[in-house]
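Working through the structure, step by step
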Amino acid sequence: MKEYHSLRRNEKTIKDEKIISEMLKDQPYLTMALSNDNNPYLVTLNYVYEAENEVFYIHCANSGKKNDYLNNNSNVWGQIMDDRGYLNGECDYKYRTLHFRGNFQFIENLKEKRRALELMIDKFEKEPEPVRVKFINEKALKSVNIGRIQIETITGKQGGFKN
């Protein structure tokens with residue numbers, strides 16, 4: 001992925017692709033910033049990352065404020081955070097963040113919806129197979145609302161880690 005901008009403090013840039021990949025795969029939430037007619041909106045969502053196509057998938061309601069914003073402006077900015085907490089006695093904080101820019105689309109293709117749901121269930125369920133059987137069927141696929149964020153750029157930053 002192409003880096004969006006250089007950080008002012010270059011020593012805080014996450015350059016290790018393995019760290020970035022692990023964060024994308026392992027963190028449970030992303031926060032997404034939206035804008036509609038110059039009005040901002042921020043929403044935190046669980047997600048799954050698919051490395052092959054460099055996309056996030058999210059499950060969402062069929063209507064609501066988030067959908068209204070996304071239907072009017074599909075450009076998003078987001079963050080994924082790995083919060084390791086305050087470092088007592090060091091006056092520092094240990095964290096990693098990934099900031100991304102992307103384009104959001106609601107998915108209509110049933111095959112892609114199925115794949116996204118399978119990835120989400122595999123990520124979050126301890127025993128995914130019974131949940132797959134219960135929730136992934138043709139009727140559910142036609143009614144479920146799944147969104148895809150195509151990542152355009154990403155930048156990583158960290159603090160409190162010893163080099």
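My aim in this report is to walk through the structure given alongside it, one point at a time. If you're wondering where the values come from, they're calculated on a predicted model, not measured in any experiment.

Looking now at the pairing of strand β5 (residues 75-87). In the sheet, strand β1 (residues 29-36) pairs with β5 via three bridges, with the strands oriented antiparallel. Across the sheet, residue T31 finds its bridge partner in β5, namely Q79. The pairing of β5 with strand β6 (residues 92-106) spans 12 bridges and is antiparallel. Looking at the pairing, G78 lines up with F100 of β6. Hairpin geometry of β5 and β6 is characterised by an intervening segment of four residues between the two adjacent antiparallel strands and by a positive phi of about 80 degrees at G89.

Taken as a whole, helix α2 (residues 65-72) has its buried residues at K66, N67, Y69 and L70. Relative to the axis of α2, the buried residues are bounded by an arc of 160 degrees and lie together on one face. Every exposed residue of α2 that faces more than 90 degrees away from the buried side is listed here: N71 and N72. Among the structural elements, β1, β2 (39-46), β4 (55-60), β5, β6 and β7 (145-159) are those in contact with the buried residues of α2.

Below, the discussion takes up the sheet that holds β5. One open sheet accounts for seven strands, arranged β2-β1-β5-β6-β7-β4-β3; its pairing is antiparallel. Of all the strands in the sheet, just β2 and β3 (48-50) have a single pairing partner and so form its edges. Looking at each pair of strands side by side, their axes are set apart by 35 degrees on average, direction ignored. In this structure, β1 lies alongside β2, joined through eight bridges in antiparallel fashion. Bridge pairing in β2 links T31 to T44. Across the sheet, helix α1 (residues 17-26) is in contact with β3, β4, β5, β6 and β7; its angle to β6 comes to roughly 65 degrees. Seen against the sheet, α2 touches β1, β2, β4, β5, β6 and β7 and runs at an angle of roughly 60 degrees to β1.

In this structure the tally under the stated criterion is five aromatic pairs. Look at Y41 and Y69: their rings are 5.3 Å apart centre to centre, the planes differ by 40 degrees, and that puts the pair in the tilted class. Remark: Y69 occurs in helix α2 and Y41 occurs in strand β2; sequence separation between them is 28 residues. On the basis of an interplanar angle of 55 degrees and a centroid distance of 4.8 Å, the ring pair of F56 and F100 is categorised as tilted.

Turning next to the nonpolar core. If you look at the biggest cluster of nonpolar residues, it comprises 24 residues, and the most contacted ones within it are L24, L30, M32, F56, V76, I80 and F100. Per-element tally for this core: the top contributor is α1, with four residues. Residues contacting M32, with those up to four places away along its chain left out, are Y41, L42, V43, L45, I58, K66, L70, V76, W77, G78 and I149. Formed by 14 residues, the second largest nonpolar core is a distinct cluster that contains V48, L117, M120 and V131.

About the cut-offs
- Residues numbered from 1 in each chain as written.
- Predicted model: local features only at pLDDT ≥ 70, side-chain atom pairs only at ≥ 80, totals over all residues.
- Heavy atoms only, no water.
- Pairing = 2+ DSSP bridges.
- Helix = DSSP H or I, 4+ residues; strand = E, 2+ residues; numbered from the N terminus.
- Buried < 20%, exposed > 50% of the residue type's maximum accessible area, 1.4 Å probe, protein only.
- Arc of directions from axis to C-beta.
- Contact = heavy atoms within 4.5 Å.
- Axes fitted to C-alpha atoms, helices over the stretch in contact; angles between N-to-C directions.
- Phe/Tyr/Trp six-rings, centres within 6.5 Å; stacked < 30°, edge-to-face > 60°.
- Core = buried A, V, L, I, M, F, W, Y, C linked by side-chain atoms within 4.5 Å.

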